[in-house]
Amino acid sequence: MKRKILTLALSTALVLSGCSYGQTGIESLLKPPKLSDQQNEIYTALQASIGKNITLKYPRTGDFTSAFLIANIDEESTQEAIVFYEAADTVNATMTLRINVLDQNDGAWVSVYDAGVSAQDVDKVNFVQSNGNTFLVVGFNLAGDSGKFVVVYRYQDGRLEETAQRLTCLEYVSCNLNEDEYTEIFTIITDAKSGRRIAQAYQISSQGSVRPMGRTDMDASVSSYRNITTGKLADGRQAVYLDGLSGTNRYTTEVLTYENGSLYNLLYSAAGEKSFIEETVRSDAIFSADIDADGVIEIPTRVAASGYEDAASHEQEYFTLWNICTEDGLEVKKTSYVAYTLGFLFTIPDKWLGRVTPVFSSAENELTFYRYDGGMEPTARLLSIRVFRSSEFREGISGYTTLRDNGQIIYAQKIYDDDKSLQLDSETVQSCFSLYTQ
């Protein structure tokens, strides 16, 4: 880091926190959510059926992380509720995790099904369609982080029925990569014969059974996958993006596509031919995401911000490069600053590239961009973004105006005119700003 930037940061009582990924900044401003009226009705009906000595279990990951999963999973017009819980007084200690289904009878919720599962907790839940039929795909975590197993359920006649053999795996995702009428499950396993790490695809049939399809090699050095997401490639094909951890703080990304009955890993090759895995390496837990809502997933890599190149790791600030996956590896699409602790992302406009540097204040919940001219002290302020509690904010206070209001907190902007050539208007700031959680 150039000495003057570090001096500036310290002299203004700013705490550099570009390497901190906890949500402590934003969490201190938020209130915990309350159960909705509908959720309270379901909870009351559940307790009336099985007793009050229970603990609700939340899916750890995925799109459905509520304790109450509400969907229409049968041919009736009404919705059903799926609830996972633990009963403290269960007789069978190996089946403490339980799944309950509640249906509606004359507008009232009634428990109609309850069963135990030999698992530690719920990993994630998906409601999928396969050839017009609805299935519930649930991943359960085994005890001691020893892996997962995946169950395909079909709800009919008041019961959840397992429709296929359970799939044991290290990780999995359910989606429709080839965009036909059937949903697939992609599992990551260790092949029993070769010992290699592979991805195995299965198709969910009309009746819920699973049929093995293609498979491909995965990076054997990855010890665990920290994030799995689905979306498009730049050419419009659907793909699965897997962000993995190997060694100490070494994160990489692999990309799976399925075409003409074959599964492909676009960024990794066991033979080393056209393997671009090294291009995805970063030392921090930042994960692939669709950062501009165009359906295409971007893969993050990081570069030290101007003036911080020679700083100790705990003092560095970074820009995040968001890359698209191509046949020739990664291609930078956007550059941004991600304020992880405050839950937002700011895309760097073209005229700022290579000319600005960030200074972050955790004490003030504020990010400020300065012009940076090599060895010169960055005194030309360009933009500040600060987070306020709604109760503490007044429009125009100290020159801050509303950028985004989420009900509990307000993201506010303050535009400076220290350098007219790099000054942004409010419209541009709005377009560059987006909320970001990970």
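Owing to the predicted nature of the structure, the values given are computational and were not obtained by experimental measurement.

Reading the values: rules and limits
Residues numbered from 1 in each chain as written. Predicted model: local features only at pLDDT ≥ 70, side-chain atom pairs only at ≥ 80, totals over all residues. Heavy atoms only, no water. Phe/Tyr/Trp six-rings, centres within 6.5 Å; stacked < 30°, edge-to-face > 60°. Helix = DSSP H or I, 4+ residues; strand = E, 2+ residues; numbered from the N terminus. Lys NZ or Arg CZ within 6 Å of the ring centre and 35° of its normal. Pairing = 2+ DSSP bridges. Axes fitted to C-alpha atoms, helices over the stretch in contact; angles between N-to-C directions.

Undergrad: Quick question: what am I supposed to make of the packing of aromatic side chains here?
TA: The description of two aromatic rings rests on the distance between their centres and on the angle between their planes. A complete count under the given rule lists 16 aromatic pairs for this structure. With centroids separated by 5.1 Å and ring planes inclined at 85°, the aromatic side chains of phenylalanine 64 and phenylalanine 127 adopt a geometry described as edge-to-face. With phenylalanine 64 in the loop between strand S1 (54-56) and strand S2 (68-71) and phenylalanine 127 in strand S6 (residues 121-130), the pair connects residues that are 63 residues apart, well separated along the chain. Taken together, a centroid distance of 5.4 Å and an interplanar angle of 55° make the contact between tyrosine 411 and phenylalanine 433 tilted. Here tyrosine 411, found in strand S27 (residues 409-415), pairs with phenylalanine 433, found in strand S28 (residues 433-435); they are 22 residues apart in sequence, far enough to count as distant. Each member of the aromatic cluster is reached from another via a ring pair, and the members are Tyr337, Phe346, Trp352 and Phe369. The ring of tyrosine 172 has lysine 124 sitting right over it, with the charged end atom 4.6 Å from the ring centre.

Undergrad: What should I look at first to understand the sheet that holds S27 in this one?
TA: To summarise the sheet geometry, strands pair through backbone hydrogen bonds and adopt either a parallel or an antiparallel arrangement. Taking strand neighbours across the sheet as the criterion, the five strands line up as S23-S24-S25-S27-S26 in an open arrangement whose pairing is antiparallel. With partners counted over all chains shown, the strands left at the sheet margins are strand S23 (356-361) and strand S26 (401-405), one partner each. Averaged over all adjacent pairs, the angle separating strand axes in this sheet is 20°, with direction ignored. With six bridges connecting them, S23 and strand S24 (residues 366-371) associate as antiparallel partners. The residue bridging valine 356 from the neighbouring strand is arginine 371, located in S24.

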